[in-house]
Amino acid sequence: MTFNPNVMGGTPCIREMRVTVGTMVGLVASGYSFQEILQAYPYLEEDIRQALAYAAWKAEEVELPLTVTVSQPEWEEMPLEP
């Protein structure tokens, strides 16, 4: 899979082509067989399986929120003198 912000808006694509992983997964989910997909996209070879594997990995990926610890500057901790 490739990611290029200048190709399909950075959507994951198959080998720098304008065929997205989502397109392949959508075709399989719609009931198209690998043979039917390869008839429409004969240059994909084993890319269909790789697209499905990437989609499965992405679905299992866990995104955790980034936590930032902010410490107070020293001058805020020091008491003010009269």
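In the block above lies the structure referred to throughout.
Quick caveat, the model's predicted, so the values are computed rather than measured.

Here's the deal with the overall build of the chain
- What the chain contains, in helices and strands, is four helices and zero strands.
- Along the chain, from the amino end to the carboxyl end, the secondary structure elements read α-α-α-α.
- Out of the 82 residues in the chain, the part that is buried amounts to 21%.
- By element, 56% of the accessible surface of the chain is carried by carbon and sulfur atoms, the whole surface being about 6700 Å².

Overview of the pattern of salt bridges
- For the structure shown, the criterion picks out three salt bridges.
- A salt bridge links Asp 47 to Arg 15, with the shortest nitrogen-to-oxygen separation between them at 2.7 Å. Here Asp 47, found in helix 3 (residues 47-60), pairs with Arg 15, found in the segment before helix 1 (21-29); they are 32 residues apart in sequence, far enough to count as distant.
- The class for Arg 15 is partly exposed, based on a relative accessible area of 40%.
- Here Glu 61 and Lys 58 are joined by a salt bridge, their closest N and O atoms 2.8 Å apart.
- Judged by relative accessible area, Glu 61 falls into the partly exposed class, the value being 33%.
- Owing to a relative accessible area of 37%, Lys 58 belongs among the partly exposed residues under this scheme.

Remarks on the side chain of Asp 47
- The exposure class assigned to Asp 47 is buried, which follows from its relative accessible area of 5%.
- Other than its neighbours up to four places away in sequence, Asp 47 contacts Ile 14 and Arg 15.

Topic: helix 3
- Taking 1.5 Å as the rise per residue, helix 3 with 14 residues should run 20 Å; its terminal C-alpha atoms sit 20 Å apart, in good agreement.
- Regarding helix 3, the residues found buried are Asp 47, Ile 48, Ala 51 and Tyr 54. Buried residues along helix 3 cover an arc of 125° about the axis, so they all sit on one side. Residues of helix 3 that are exposed and point more than 90 degrees away from the buried face comprise Arg 49 and Glu 60.
- Elements in contact with the buried residues of helix 3: helix 1 and helix 2 (34-40).

Cut-offs and rules
- Residues numbered from 1 in each chain as written.
- Predicted model: local features only at pLDDT ≥ 70, side-chain atom pairs only at ≥ 80, totals over all residues.
- Heavy atoms only, no water.
- Helix = DSSP H or I, 4+ residues; strand = E, 2+ residues; numbered from the N terminus.
- Buried < 20%, exposed > 50% of the residue type's maximum accessible area, 1.4 Å probe, protein only.
- Areas by Shrake-Rupley, 256 points an atom, 1.4 Å probe, with all protein chains shown as cover.
- Salt bridge = Lys/Arg side-chain N within 4 Å of Asp/Glu carboxyl O.
- Contact = heavy atoms within 4.5 Å.
- Expected span 1.5 Å × (residues − 1).
- Arc of directions from axis to C-beta.

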